[in-house]
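# Structure at a glance
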Protein chains: 2
Amino acid sequence: MLIIGELINCARKSIRERTEKRDAAYIRDVALRQVEAGAHMLDVNGGIPRQEAESLEWLVNVVQDAVDVPLCLDSSDPGALKRALTLCRQPPMINSITEEPERIAALLPLVKESGLKVIALCISESGPATGAEARLATARRLVDLLAAEGVPLASIYVDPCAMPLSAGPEEVVAVLEVIPRIMAEYPGVHTSVGVSNVSFGLPARKLLNQVYLPLLMARGLDAVVVDPCDRQIMMNIIAAEALLGRDEFCMEYLRAFRQGKLEPMRA
Amino acid sequence: MLIIGELINCARKSIRERTEKRDAAYIRDVALRQVEAGAHMLDVNGGIPRQEAESLEWLVNVVQDAVDVPLCLDSSDPGALKRALTLCRQPPMINSITEEPERIAALLPLVKESGLKVIALCISESGPATGAEARLATARRLVDLLAAEGVPLASIYVDPCAMPLSAGPEEVVAVLEVIPRIMAEYPGVHTSVGVSNVSFGLPARKLLNQVYLPLLMARGLDAVVVDPCDRQIMMNIIAAEALLGRDEFCMEYLRAFRQGKLEPMRA
């Protein structure tokens, strides 16, 4: 399971404020805490209006000074992504390519040349795909497009675009339904979801995020953008990996137990 | 999700000792706590060598004096089941019919006449079914047998027979694989698993039980034999039901939140 830490995102108020103030110590600490908690990769989103490229550039440098894991460059601005790419000390993941024409035009050449990993997010010009069939159709077009340019399936992470449960369970169920279908149709392709969206607008959000993950993993999900500092989330991932036969001899599970990582934190 | 409380089982030392002493107050308390925690039905197992029928009979009476939920009569002794059946004030579930000839001979007439619910456990004469195909084949034979006798599919709960993860993940994965196949092949049939077995022989057992449940539910499981007094298990079930679209307008989820049931207990 590829765990991408989600916390360094300027959509979060604390990160936006510290990024605007160029508070490197704060950002470094958030980066370190995520990696210590088990993140394999860190999402970095510098989405501040009119200064996205500068923010992303600053964040990439600060995070790379703190930790050694690869980055997942997250931006709606292809120009900002392109600039940040040149700063990365190891090959990053691109978050994300969609069916929007200007994103394809800007990002496809980058992904094609670089051998980068890329999240293929099921969003078209008219917005996020809804229902299982539209998600599958969008996923097919994106994977076919990337594959035609020589991107290996193993470098593609299809994100079926999770929606809040508060808007109705149909879209949550559609995401669960489409994951095994995408993975069966394109053997070797990965699937990834940003789980935190699902709980938007409902109480006890953390519980929903924590339980959504094993539900997705039971359908085959093998990458996630998540808060790795949520201890129960990480416990659930480790237990689910073992139960799904993805943790040979339960070695990771037993290691985590010995390290005291499988007991809930007490307040 | 049908939640069958597992705690009144003479395989557990405390229950066996209190049953031998005929400590009705203790048993009543265990019954009450399970129902208050959300159990819809209580498993009652009187498995004490050479006195199973008497123990089961005593337990059935004590539990029925304490709570109003139906019972799930759990015994390897068809005679004990038959005797306990006559004491039940509302139609119980039989746990369980298997492919063992003497159980079929003794239990099929009871199930056929009574309109009871029955757990069809994937065990044959040669022992528990292993692998997905053998489980499916055993499930087919059991369901076909029951259906031929007029038992409605909606009264049948196929239990694919969960095995400990410590014996290797193959059987855990096979159970997950077979659940949707059984439910697709026999529309209306239920599936049920006793989850606690899965964690036998591993540390942090509760975590494995807690995470196993959403994994099973993601594949369609709609009944479970479980410790309802494990608060995190119940939280996970409630959240999974909402996320899987089985809780209209998240009404049960929101009710549980208002009742303070969605926060982990603090030590």
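Let us look at the relation of the copies chain A and chain B. Overlay of chain A on chain B (RMSD 0.0 Å): rotation 180 degrees, translation along the axis 0.0 Å. These values place the two chain copies in the arrangement generated by a two-fold rotation axis. Of the C-alpha atoms belonging to chain A, the one lying closest to the rotation axis is found on Leu215(A), 2.8 Å away. Looking at chain A, 100% of its interface residues are interface residues in chain B too, so the copies touch through the same face.

So, about unusual backbone geometry. The phi torsion of most residues other than glycine is negative, and most of the peptide bonds are trans. Residues and elements named next belong to chain A. Note that the residue after Asn95, namely Ser96, is joined by a cis bond; omega there is 15 degrees. Secondary-structure assignment places Ser96 in strand β4 (residues 93-97). The backbone of Ala204 shows a phi angle near 50 degrees, a positive value even though the residue is not glycine. Its location among the elements puts Ala204 in the loop between β9 (190-194) and α8 (205-218). With a phi angle near 55 degrees, Cys250 is a residue other than glycine that sits in the positive phi range. Within the secondary structure, Cys250 is located in the loop between α9 (231-243) and α10 (251-258). On the basis of relative accessibility, which here comes to 7%, the residue Cys250 falls in the buried class.

Between chain A and chain B, the residue contacts involve 34 residues of the former and 34 residues of the latter. Interface of chain A and chain B: buried area, both sides summed, is about 3,000 Å²; carbon and sulfur atoms make up 78% of it. Across the chain A-chain B interface, the total number found is zero salt bridges. For the interface between chain A and chain B, the tally reads six residue pairs in polar contact (both at pLDDT 80 or more). At the level of elements, α7 (170-185), α8, α9 and α10 of chain A are the ones that each hand at least two residues to the side of chain A that touches chain B. When grouped by side-chain class, the residues that make up the side of chain A that touches chain B number 29 nonpolar, three polar and two charged.

Attention now goes to the packing of helix α8 (residues 205-218) of chain B against helix α9 (residues 231-243) of chain B. All names here are of chain B. Interaxial distance between α8 and α9 falls to 9 Å at its minimum, and their mutual angle equals 20 degrees. It follows from the interaxial angle that α8 and α9 lie roughly parallel. Classified by chirality, the crossing of α9 by α8 is right-handed. Here Asn209, Gln210, Leu213 and Met217 of α8 come into contact with α9, specifically with Gln232, Ile233, Asn236, Ile237, Ala240 and Glu241. Of the residues assigned to the contact of α8 with α9, the class counts are five nonpolar, four polar and one charged.

One frequently used descriptor of interface size is the decrease in accessible area upon assembly of the parts. Residues and elements named next belong to chain A. Along its sequence, chain A is carved into domain 1 (1-87), domain 2 (92-227) and domain 3 (230-267). Distance between the C-alpha centres of domain 2 and domain 3: 25 Å. Facing the 13 residues of domain 2 at the interface are nine residues of domain 3. Taking both sides of the interface into account, the surface hidden between domain 2 and domain 3 amounts to around 900 Å²; carbon and sulfur atoms contribute 64%. The largest share of the area that domain 2 buries against domain 3 comes from Gln210, Met217 and Asp227, three residues that together contribute 59% of it. Viewed at the interface, domain 3 and domain 2 are joined by zero salt bridges. In this assembly, domain 2 and domain 3 are joined by five residue pairs in polar contact (both at pLDDT 80 or more). For the side of domain 2 that touches domain 3, the secondary structure elements donating two or more residues are α8 and β10 (223-226). Residues of the side of domain 2 that touches domain 3, tallied by class, amount to seven nonpolar, three polar and three charged.

Applying the stated criterion across every chain yields a total of zero aromatic pairs over all chains. Above the ring of Tyr26(A), the side-chain terminus of Arg18(A) is found at 4.2 Å from the ring centroid.

Take the nonpolar core next. By size, the foremost hydrophobic cluster in this structure holds 79 residues, and its most contacted members are Tyr212(A), Leu213(A), Tyr253(A), Tyr212(B), Leu213(B) and Leu216(B). Excluding anything up to four places from it in sequence, Leu216(B) contacts Val175(B), Leu176(B), Ile179(B), Val193(B), Val195(B) and Leu221(B).

A few words on the sheet that holds strand β8 (residues 156-159) of chain B. Residues and elements named next belong to chain B. Spatially, eight strands are ordered β1-β2-β3-β4-β5-β8-β9-β10 in a closed barrel, and the strand pairing comes out parallel. The mean inter-strand angle of the sheet, taken between neighbouring strand axes irrespective of direction, is 25 degrees. Two elements, strand β1 (residues 2-9) and strand β10 (residues 223-226), share four bridges in a ladder whose sense is parallel. Considered in β10, the bridge of Ile4 is made with Val225. Across the face of the sheet, helix α4 (residues 78-85) comes into contact with β3 (71-74) and β4 (93-97) while running at roughly 155 degrees to β3.

Criteria and thresholds
Residues numbered from 1 in each chain as written. Chains lettered and ligands numbered in written order. Predicted model: local features only at pLDDT ≥ 70, side-chain atom pairs only at ≥ 80, totals over all residues. Heavy atoms only, no water. Least-squares fit on C-alpha atoms with pLDDT ≥ 70 in both. Contact = heavy atoms within 4.5 Å. Helix = DSSP H or I, 4+ residues; strand = E, 2+ residues; numbered from the N terminus. Buried < 20%, exposed > 50% of the residue type's maximum accessible area, 1.4 Å probe, protein only. Buried area = accessible area lost by both parts, 1.4 Å probe. Salt bridge = Lys/Arg side-chain N within 4 Å of Asp/Glu carboxyl O. Polar contact = N/O pair within 3.5 Å; in protein donor to acceptor, adjacent residues only side chain to side chain. Nonpolar A, V, L, I, M, F, W, Y, C, P; charged D, E, K, R; others polar. Axes fitted to C-alpha atoms, helices over the stretch in contact; angles between N-to-C directions. Parallel < 35°, antiparallel > 145°, perpendicular 65-115°, else oblique. Left-handed = near helix turned anticlockwise from the far one by under 90°. Domains from an automatic or database assignment. Phe/Tyr/Trp six-rings, centres within 6.5 Å; stacked < 30°, edge-to-face > 60°. Lys NZ or Arg CZ within 6 Å of the ring centre and 35° of its normal. Core = buried A, V, L, I, M, F, W, Y, C linked by side-chain atoms within 4.5 Å. Pairing = 2+ DSSP bridges.

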